[in-house]
Amino acid sequence: MLFNSVLIIFTCSVSAQVSLPSKQDGFWYDNRVAKTESILIEAFFDPVCPDSRDSWPPLKLALQHYGSRISLVVHPFPLPYHDNAFISSRALHIINKLNTSATYRLLESFFDQQDKFYGKATFNLSKASVVDKVAKFTYNAIGISNYAAVKAGFTDPKTDQATRISFKYGCVKGVYGTPFFFVNGFPLPDAGSPLDYKAWRNIVDPMLDK
């Protein structure tokens, strides 16, 4: 989905204000950090965005098909008009800090049950109640044994800062909607729309032939 705002002005503002993070943003799929000979895909997803949800299965299928020839890093990009996008993106950072192998499981759980986190499902809830709901969902989705650690993550300023960095990083890169993809540093067209498996094959196969 597209982010309709004066992006150029906002991007310039963010570029001037953001402090340099201590480490790279994003979650590496299967802990498979990019190597110089692999194709790097950067995906900007909003956990409660239907188009992000629909784009994940074909991309995952492509990752399984190409194996180590492709590396993927996902950057949370919470769109401001999606209910609870920032809180759910923060949950990803919390879990990634506690257990990196569970980050994608949680992302898939958000995709599978998005209807729990927007519209009528949370309309009458306070922010504290929504945070509690997301914390419990996170705890149940990944089976982590320490619920207190998950809940404490939402009061940890480091996870708040990490989520803000993810959003600002996307803005600096010119991201204006989700899903948004870069391949080897270059943006793909049709941002905000899912790509099917055939589209990924059409993108990647010629690159491997070269």
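Residues numbered from 1 in each chain as written. Predicted model: local features only at pLDDT ≥ 70, side-chain atom pairs only at ≥ 80, totals over all residues. Heavy atoms only, no water.

The name an unreviewed UniProt entry assigns to the protein chain is DSBA-like thioredoxin domain-containing protein, from the organism Anisodus acutangulus.

Caption draft 1: Representation of the confidence of the model for the protein chain in the model. Per-residue confidence for the protein chain gives a mean pLDDT of 89, with 90% of residues at or over 70. Predicted confidence is poor over residues 5–16, with pLDDT under 50, and the contacts of this stretch with residues over four places away or in other chains come to eleven contacts. (pLDDT = per-residue confidence, 0-100. Contact = heavy atoms within 4.5 Å.)

Caption draft 2: View of the pairing of strand S3 (residues 70–76). Where burial is concerned, most of S3 is hidden: seven out of the seven residues are buried. Where burial is concerned, the two faces of S3 agree: the one with Ile70, Leu72, Val74 and Pro76 and the one with Ser71, Val73 and His75 are both buried. In the sheet, strand S1 (residues 27–28) pairs with S3 via two bridges, with the strands oriented antiparallel. Paired with Phe27 across the two strands is Val74, which belongs to S3. Direction of pairing for strand S2 (residues 39–45) relative to S3: parallel, over a ladder of seven bridges. Of the residues in S3, the one forming a bridge with Phe45 is Pro76. Note that the unit made of S2, helix H2 (residues 50–66) and S3 has a crossover that is right-handed. (Buried < 20%, exposed > 50% of the residue type's maximum accessible area, 1.4 Å probe, protein only. Helix = DSSP H or I, 4+ residues; strand = E, 2+ residues; numbered from the N terminus. Pairing = 2+ DSSP bridges. Right-handed = clockwise from strand over helix to strand, strands pointing away.)

Caption draft 3: Local environment of the packing of aromatic side chains. Taken as a whole, this structure holds 17 aromatic pairs when the rule is applied. Centroid distance Tyr176 to Phe180: 5.2 Å. Interplanar angle 85°. Geometry classified as edge-to-face. What makes Tyr176 partly exposed here is its relative accessible area of 32%. Take Phe180: its relative accessible area is 5%, and that puts it in the buried class. Feature note: the residues Tyr29, Phe45, Trp56, Tyr104, Phe111, Phe181 and Trp200 constitute an aromatic cluster, connected by ring pairs. Directly above the ring of Phe117 sits Lys133, whose terminal nitrogen or CZ lies 5.8 Å from the centroid. (Phe/Tyr/Trp six-rings, centres within 6.5 Å; stacked < 30°, edge-to-face > 60°. Lys NZ or Arg CZ within 6 Å of the ring centre and 35° of its normal.)

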